[in-house]
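Here is what each chain is made of, one letter per residue.
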Amino acid sequence: PQPVLCSVCFVDEAVDPLPCGHGLCCDDWPSFLRCNLESGTVSGENCLHLKCPGDRCQLRVPPHIFERYLDLAEYERYRRLLVLSFVLLCPGCRMR
């Protein structure tokens, strides 16, 4: 079988493809994740609900991809946003 190409550059082979079969190359995963982490809202809406970069694909990018391709400080920011999103969604978790 032919290798799956990166859904961004369409030149390099995709690494760590998602269950849908789409993936990015090792150069594009970090920039794709970082861009969405930096351009999101304070609550993390952009990166926490980040969809697969494949055309019209609705699969969300799982947390392990962020852990693998972001540096430690960026990944910690992502984790804080993830925890904050649970706190905001959980009525029993909200501070009174």
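Residues numbered from 1 in each chain as written. Predicted model: local features only at pLDDT ≥ 70, side-chain atom pairs only at ≥ 80, totals over all residues. Heavy atoms only, no water.

1. Observations regarding the environment of Asn-36
Tracing the sequence through the fold places Asn-36 in helix 1 (residues 28-39). Measuring from C-alpha to C-alpha, the distance between Asn-36 and Leu-50 comes to 7.6 Å, with 14 residues separating the pair along the chain. Of note is the side chain of Asn-36, whose polar atom sits 2.8 Å from the backbone oxygen of Phe-32. (Helix = DSSP H or I, 4+ residues; strand = E, 2+ residues; numbered from the N terminus. Polar contact = N/O pair within 3.5 Å; in protein donor to acceptor, adjacent residues only side chain to side chain.)

2. Here we look at the confidence of the model for the chain
This prediction gives the chain a mean pLDDT of 85; 83% of its residues lie at or above 70. No element of the chain has a lower mean pLDDT than helix 2 (residues 45-48), at 74, and none a higher one than helix 3 (residues 63-69), at 95. (pLDDT = per-residue confidence, 0-100.)

3. Digging into the state of the cysteines
For the structure shown, the criterion picks out zero disulfides. The structure places no disulfide on Cys-25, whose sulfur is separated from the nearest cysteine sulfur, that of Cys-6, by 3.9 Å. Take Cys-25: its relative accessible area is 2%, and that puts it in the buried class. In this model Cys-57 remains outside any disulfide bridge; the closest cysteine sulfur is found in Cys-20, 3.7 Å from its own. (Disulfide = S-S within 2.5 Å. Buried < 20%, exposed > 50% of the residue type's maximum accessible area, 1.4 Å probe, protein only.)

4. Looking at the nonpolar core
In this structure, Trp-29, Leu-33, Val-61 and Phe-66 are the most contacted members of the largest nonpolar core, which totals 21 residues. Within the residue set of this core, elements represented by two or more residues are helix 1, helix 2, helix 3 and helix 4 (72-89). Tallying contributions element by element places helix 1 first for this core, with four residues. Excluding residues within four positions of it along the chain, Phe-66 makes contact with Leu-33, Cys-47, Leu-50, Val-61, Tyr-75 and Tyr-78. (Core = buried A, V, L, I, M, F, W, Y, C linked by side-chain atoms within 4.5 Å. Contact = heavy atoms within 4.5 Å.)

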